[in-house]
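Listed below are the residues making up each chain.
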Amino acid sequence: MSVEPAAKPMVEGIFTPAGSDGLAHLLCSRCACGAVAFPARERCAACSGTDLVVEEVPNEGTIYSWTTSPGRTVRVVAQVQFANGLMAQGHVTAEPAAVRIGQRVRTVAVPVDYADDGTPLLSYAFEPVEEAA
Amino acid sequence: MAIVVGVGMVPFGRHPDKTVADLGTGAVLAALADAGLPWRAIEVMHCGAAGAGLTPGTRIGAQLGLTGIPITNIDNASASGSSAFRLACRDVDSGSVDIALAVGVGKFGRTLRLDGGVGAPEPGTAEYRERQIGAMQGPLPPAGLFAMRTRRRMYEFGSNLDQFAQVAVKNRKHAMLNPYAQMREPMTLEDVRNARVVADPLTVPHCCPVGDGGAAAIVVSERKARELGIAPAIRVIASAFRTPTLAGVMNAQDADTTVATVQAAYEQAGLGPRDIDLVQVHDAFTVEEIEYCESMGFCERGSGEAAVERGELSIGGRIPFSTDGGLLSRGHPLGPTGLAQVHETVLQLRGAAGQRQVEGARTGLVHMVGIGGVCLVHILQRE
Ligand SMILES: [Zn+2]
């Protein structure tokens, strides 16, 4: 009898698949001076200070701009702006025709690979939020 | 102030029969011939190259003759040649030498990783972790970031893609008049529209080509210029160099750094945009010429597209940009590009630019951006 290993992020410290509210969140650093950064930094870009804590970025953000990545499968890559002032880049789980600047998206965890022991590895991605008609 | 007395180039394009050192030697010999100086008069050399192997400048020096002079190799990505030029000017300005040489070389070949490695990084290494983080963020070619900058401008200012394509068409027209340019086939707006998409919405002609080439410039002190009887002198009246201050909106970082660098250059020269007659800009992608034209104070934010459309940035227009074809059509072999800009500016200020001559050109600005946020601006002026 085998137990399927639990999925985990491809790289630790970039995002959490289930944060304090059960939703996926990017992880950013916040410096004592107030500056936030994604991915999290050990030394602040604004003041060079080292008094930084890791915190969750809001689950939802807004598409600032987008393009497509090269390769056989066309994939949308977007810059997403969050209410805490951060901008992060990542894949969007939608076809180009369904993506637009200003669109609300939520952060989700998606399986992208397997570790040698069969553990599913997760990345984050952005999923368009259904808007009320 | 440093005075430019010689410029030389190996035309940009493909040179499979020449090594990186051969390309540099060709450019240096052309600059020496232009200045009427022998290699043995050069007191210091700076070589700009990006990912062109170890110490290309030292190999160029060895080809030209072992004179024992200091030779420094600089890798500042696209701004490597501009960085070499700045250091040559500063050596002369410091009074430590009277004659300094800057050379830039580049050759399209294997693609180097930004972390310096070749091939795929080994699992378990810091480089592998960086690669995986990059994969999560959605890895893009350089065109991807500029595609997003283009799309954002279209959203903010209501501009259309054809207006960006007009930059490529204009710079191709300029390149067709330049024997040193890589891309000299006629190109229409239709051609730009119908080309292959690199990163939505950008097609191939919105992006600069890869290629091989070399470019060099020789600068001398005021004292040496008098001794050589140089007249009229072309002086480097500003040399400004900035890196980003804060990772603000990642989409606009190069434009912000350009604002700070150009401002510093204007202050050094005691000039403003109204005093500039022509500009060579880092137009690796069409959106850049439009953005930086605004960053440099030649038009209001959001009006760059219209300025291009009205022909204001063409030869014969209000403020000609990329008179030699720019990175988009003169070409961009990384290392030599900043020195090709100096080459073009010096020809223009001498009134020796032939069919692409900007009438009455006296003051020219050159601008380069290197990946990671390096920005250099020089202003050259004929006395
Ligand atoms: Zn700080």
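**Observations concerning the coordination of the zinc ion**
Between any two of four tetrahedral donors, the ideal angle at the metal is 109.5 degrees; between two of six octahedral donors, it is 90 or 180 degrees. All names here are of chain A. Around the zinc ion, the protein supplies Cys31 (SG), Cys33 (SG), Cys44 (SG) and Cys47 (SG) as donor atoms, at distances of 2.3 to 2.4 Å. Classification of the site at the zinc ion as tetrahedral follows from its four donor atoms and the range of 104 to 116 degrees in their angles at the metal. Considered as a linear motif, the donors of the zinc ion on their single chain read C-x1-C-x10-C-x2-C. In this pair, Cys33 is assigned in the loop between β3 (25-31) and β4 (36-37) and Cys44 in the loop between β4 and β5 (52-56), connecting sequence segments 11 residues apart.

**As for the interface of chain B and chain A**
Each side of the interface is counted separately: chain B has 25 residues, and chain A has 29 residues. For the pair chain B and chain A, the summed buried surface comes to about 2400 Å²; carbon and sulfur atoms form 64% of the total. The interface formed by chain B and chain A holds nine residue pairs in polar contact (both at pLDDT 80 or more) in total. The element contributing the most residues to the side of chain B that touches chain A is helix α5 (residues 142-157) of chain B, with eight residues. Among the residues forming the side of chain B that touches chain A, the class breakdown is 14 nonpolar, six polar and five charged.

**A short note on the pairing of strand β7 (residues 75-81) of chain A**
Residue and element names in this part refer to chain A. In terms of burial, β7 is largely enclosed, as five of its seven residues are buried. Bridge analysis of strand β6 (residues 60-69) against β7 gives seven bridges, and the strand direction is antiparallel. Each bridged residue has a counterpart across the sheet, and for Ser69 the counterpart in β7 is Arg75. In textbook terms, the turn of a hairpin is the stretch between consecutive antiparallel strands, and for β6 and β7 this stretch comprises five residues, one of which, Gly71, has a positive phi near 120 degrees. Here β7 pairs with strand β8 (residues 87-92) via six bridges, running antiparallel.

**Notes on the environment of B:Thr72**
When you line up the elements, B:Thr72 lands in strand β3 (residues 71-74). With 24 residues separating them along the chain, B:Thr72 and B:Gly48 place their C-alpha atoms 8.6 Å apart.

**Structural notes on the environment of A:Val54**
Residues and elements named next belong to chain A. For Val54, the location among the structural elements is in strand β5. Val54 gets classed as exposed once you look at its relative accessible area, which sits at 59%. Along the sequence, Val54 and Arg72 sit 18 residues apart, while their C-alpha atoms lie 37 Å from each other. Apart from the residues lying within four places of it in its own chain, the contact partners of Val54 are Leu27, Cys28, Ser29 and Ala40.

Thresholds applied
- Residues numbered from 1 in each chain as written.
- Chains lettered and ligands numbered in written order.
- Predicted model: local features only at pLDDT ≥ 70, side-chain atom pairs only at ≥ 80, totals over all residues.
- Heavy atoms only, no water.
- Donors = N, O, S within 2.8 Å, 3.2 Å for Na, K, Ca; no water.
- Tetrahedral: all angles 85-135°; square planar, octahedral: opposite > 155°, others 65-115°.
- Helix = DSSP H or I, 4+ residues; strand = E, 2+ residues; numbered from the N terminus.
- Contact = heavy atoms within 4.5 Å.
- Buried area = accessible area lost by both parts, 1.4 Å probe.
- Polar contact = N/O pair within 3.5 Å; in protein donor to acceptor, adjacent residues only side chain to side chain.
- Nonpolar A, V, L, I, M, F, W, Y, C, P; charged D, E, K, R; others polar.
- Buried < 20%, exposed > 50% of the residue type's maximum accessible area, 1.4 Å probe, protein only.
- Pairing = 2+ DSSP bridges.

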